[in-house]
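A structural walkthrough
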Amino acid sequence: MDIRPIFSTLRRHKTAAALIVIEIALACAIICNAIYLIDRRLDHMSRPSGTVEAEILRIQMPSIDETASVDRRAAVERDLAALRTLPGVRHVATVTQIPYGNSSSTSGVRLSPDQPNNTIVASGYLGSEDLLDTFGLKLVSGRRFNPDEFLDMADVESAGDSARVPAVIINSAMAERLFPGKDAVGQHIYSWGSAPIPIVGVVETLAMPTDNTGPGNATMLLPIRDASNGINYVIRTDPAQRRQVLDAAVATLKQIDPDRIAVNADLMSDLREKYYREDRAMAMLLVVVCIALLVVTALGIVGLASFWVQQRSKQIGIRRALGATRSQILRYFQVENFLLATIGIVLGMLLAYGLNQLLMSRYELGRLPLVYLPIGAVVLWLLGQVAVYWPARRAASVPPAVATRSI
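Residues numbered from 1 in each chain as written. Predicted model: local features only at pLDDT ≥ 70, side-chain atom pairs only at ≥ 80, totals over all residues. Heavy atoms only, no water.

Operational definition: UniProt positions are given in the numbering used here, feature names are shortened, and annotations may be inferred rather than shown by experiment.
The chain carries the name ABC transporter permease in an unreviewed UniProt entry, which gives Luteimonas fraxinea as its organism. Taken verbatim from the UniProt record of the chain, the Subcellular location (unreviewed entry) comment is "Cell membrane".

This is the structure we're talking about:
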């Protein structure tokens, strides 16, 4: 098809052509970045915790009187023993923090005792004997903790810098960062005190409690039993019995010590739901913005195309009188729209890149991957063809006698 008449026509209707190009360029810039942001949110929400989330529940029930003279270690053991007797409970343990708990404790990790700066920062889970099974973590290398390796937090704190933690299990992300390409089991790290801590195992995945403490997702399990007042009790049970077990566990702990309150009593799946609520809302908002923008862009193209067709009804009539078929008239407008959309998309890609640079400078946003640009281009090309189809079809259906009546 000869496109020179199309360019000639566009030069005579510069304003209408420029409006379509600008509209498509702005839509392309915004949609490319919006799709990128949506994809980042979805990727963020799909972050695996490494635990069997559908089987875990968490309870935090501190005593009201924190100053009471209580053997906390014995009290925790009494609570664990009582929880193990509940019907449906498979495993129960204590742990200082949990995934999606909205709080995180981290420690610097070094590879040598005289190293001035930390190699990485890792989030440490301090838990009792049954924590590995309660979380349902997958051990990919090494072994579990031995029973004689567990320490009480009070003993570790009283030892100060001379404390010797006998073992640590780390996640695979931390292992790869510390010892890339090597087996981490048997290596040593320095994190608690000045003594080396041997790595005895590696779990496939264990997410940080929150992802606001920096990149890396490095976590470690330490065989330290914390008996503080606000310790988390984590229980693993059958997914169908979680609600009943949760209610029974809270009632049992309340019966043991009436002076305690349930600060947190949640299913792990509910914690995840709450944790990503804002991300989900933002993703939905961006989807709505993209749809609204596409609708406005399509309506703009339809409106300008309809006006443009009406303005050129005589030209269409002459072409029809000279033998142009309906399909040729239809194809003429579609090619014309394709050329305008292409110019708009090229400008839109440049704008998308510029907008991404602006967002990178103002917010913690990564560089826009190039793959998002053709996605936006295809969407706008299709949108332009759909939007111009009905005005072009209406123009092609006008009889030559009607179109040239006023000539």
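**Quick word on the overall build of the chain**
What counts is decided by this rule: Helix numbering and strand numbering both begin at the N terminus, where a helix is a DSSP run of H or I of at least 4 residues and a strand a DSSP run of E of at least 2. It is over C-alpha atoms that the radius of gyration is taken, and the globule rule equals 2.2 Å times the number of residues to the power 0.38. Burial classification: accessible surface area is computed with a 1.4 Å probe over protein chains only, and a residue below 20% of its type maximum counts as buried, one above 50% as exposed, and the rest as partly exposed. The contact criterion used throughout is that any non-hydrogen atoms of two residues lie within 4.5 Å. All accessible areas in this document rest on Shrake-Rupley with a 1.4 Å probe, and a residue is counted as covered only by the protein chains that are shown.
Looking only at helices and strands, one finds 13 helices and 13 strands in the chain. The C-alpha radius of gyration of the chain comes to 32 Å, more than 25% above the 22 Å expected for a compact globule of 407 residues. Viewed in the frame of its principal axes, the chain has a C-alpha envelope of about 105 × 50 × 35 Å. Residues counted as buried form 45% of the 407 residues belonging to the chain. Counted over contacts in the chain with a minimum sequence separation of 6, partners at least 24 positions apart contribute 83%. Summing over all exposed atoms, the chain offers an accessible surface of approximately 20,200 Å²; the carbon and sulfur share of this is 59%.

**Considering the UniProt feature "transmembrane region" (unreviewed entry) in the chain**
Listed under "transmembrane region" (unreviewed entry) in the UniProt record, and renumbered for this structure, are residues 16-38, 282-309, 338-359 and 371-390. For residues 371-390, the end-to-end C-alpha separation is 31 Å, with 95% helix and 0% strand making up the annotated structure.

**Remarks on the packing of helix 9 (residues 277-311) against helix 12 (residues 372-396)**
Heads up, the condition is: What counts as an axis is a line fitted to C-alpha atoms, over the stretch in contact for a helix, and the angles between N-to-C directions run from 0 to 180 degrees. Left-handed is the label given to a crossing in which the near helix is rotated counterclockwise from the far helix by less than a right angle, and right-handed is the label when the rotation is clockwise. Only Asp, Glu, Lys and Arg are considered charged, only Ala, Val, Leu, Ile, Met, Phe, Trp, Tyr, Cys and Pro nonpolar, and every remaining residue, Gly among them, polar.
Remark: helix 9 packs on helix 12, axes separated minimally by 9 Å, with the N-to-C direction vectors making an angle of 35 degrees. Helix-helix and strand crossings are classified by hand; for helix 9 and helix 12 the assignment is right-handed. Listed contacts from helix 12 to L294, T297, A298, I301, V302, A305, S306 and V309 of helix 9 are V379, L380, L383, G384, A387, V388, P391, R394 and A395. Split by residue class, the contact of helix 9 with helix 12 holds 13 nonpolar, 3 polar and 1 charged.

**Some remarks on the sheet that holds strand 2 (residues 89-95)**
What counts is decided by this rule: Only when DSSP finds a minimum of two bridges between them are two strands counted as paired.
Reading across from one edge, 2-12-1-13 is the order of the 4 strands in this open sheet, with antiparallel pairing throughout. The strands lining the two open edges of the sheet, one partner per strand, are strand 2 and strand 13 (264-267). When strand polarity is set aside, the average angle formed by the axes of neighbouring strands in this sheet is 15 degrees. Looking at chain direction, strand 1 (residues 56-60) and strand 13 are connected through 4 bridges and run antiparallel. Across the sheet, the residue bridging to I59 is A265, located in strand 13.

**Topic: empty space enclosed by the protein**
By rolling a water-sized probe across the atoms, one finds the places where empty space is left. In plain terms, the rule: For each structure, a 1 Å grid was placed over the protein atoms alone; sets of points admitting a 1.4 Å probe that cannot get out are labelled cavities, open sets with protein on both sides within 12 Å along at least five of seven lines are labelled pockets, and lining residues have an atom within 4 Å of a point. Grid points are joined across faces, edges and corners, and a volume is the space filled by probe spheres set on the points.
Counted by the stated rule, this structure contains 3 cavities of 30 Å³ or more. What the largest cavity holds in volume is close to 60 Å³. As for the largest cavity, its lining consists of I20, A305, W308, V309, R312, F333, E336, N337, L340 and V388. Mapped by element, the contributors of at least two residues to the lining of the largest cavity are helix 9 and helix 11 (326-362). Examining the composition of the lining of the largest cavity, we find that 4 residues originate from one element, helix 11, more than from any other. Split by residue class, the lining of the largest cavity holds 7 nonpolar, 1 polar and 2 charged. Size it by volume and the second largest cavity reaches roughly 50 Å³. Around the second largest cavity, the lining residues are M61, P62, S63, R72, D79, N229, I231, Y233 and R260. Across the lining of the second largest cavity, the residue classes tally to 4 nonpolar, 2 polar and 3 charged.

**Description of the pairing of strand 9 (residues 197-203)**
Where burial is concerned, most of strand 9 is hidden: 6 out of the 7 residues are buried. Sheet topology note: the strand 5 (residues 139-142)/strand 9 ladder contains 3 bridges and is antiparallel. Along strand 9, the bridge assignment pairs S141 with V202. Relative to strand 9, strand 7 (residues 168-171) is paired through 4 bridges, and the arrangement is parallel. The residue bridging V168 from the neighbouring strand is I199, located in strand 9. Bridge count for strand 8 (residues 188-189) against strand 9 is 2 bridges, and the pairing is antiparallel.

**A short note on the side chain of S49**
Inclusion rule: For the purposes of these results, a polar contact is taken to be a pair of N or O atoms within 3.5 Å, where, inside protein, one atom must be able to donate a hydrogen and its partner to accept one; residues adjacent in sequence count only when each atom of the pair is a side-chain atom.
Inspection of the secondary structure puts S49 in the loop between helix 2 (14-45) and strand 1. Among the polar contacts listed, one links the side chain of S49 to the side chain of E53, at a separation of 2.6 Å. Those residues in contact with S49 that sit more than four places away from it in its chain are P99, Y100, T205, L206 and A207.

**Some details on helix 3 (residues 72-84)**
In plain terms, the rule: A helix is expected to span 1.5 Å multiplied by its residue count minus one. When we speak of the arc, we mean the arc of directions from the helix axis to the C-beta atoms.
Across its 13 residues, helix 3 extends 18 Å between first and last C-alpha, which sits within 8% of the 18 Å expected from 1.5 Å per residue. Residues A75, V76, D79, L80, A82 and L83 constitute the buried set of helix 3. Along the long axis of helix 3, the arc covered by the buried residues comes to 165 degrees, so they all point the same way. For helix 3, the elements touching its buried residues are strand 2, strand 12 (232-237) and helix 7 (242-256).

**Brief notes about the side chain of R236**
Mapping R236 onto the fold places it in strand 12. According to the relative accessible area criterion, R236 is buried, its value standing at 16%. Side-chain polar atoms of R236 contact the side chain of E55, separated by 2.8 Å. Once residues within four sequence positions are removed from consideration, R236 is found in contact with V52, E55, G88, V89, R90, H91, D133, T134 and G136.

**Some words on the nonpolar core**
Put simply, the rule is: Nonpolar cores are built from buried Ala, Val, Leu, Ile, Met, Phe, Trp, Tyr and Cys residues. Side-chain atoms within 4.5 Å join them into one set.
Ranked by size, the top nonpolar core spans 41 residues in total, and within it I24, W308, F333, L340 and L380 carry the most contacts. At the level of secondary structure, the elements contributing two or more residues to this core comprise helix 1 (4-12), helix 2, helix 9, helix 11 and helix 12. A per-element tally of this core places helix 2 first, with 11 residues. Residue contacts for W308: discarding those within four places in its chain leaves L10, H13, A16, A17, I20, E336 and L340.

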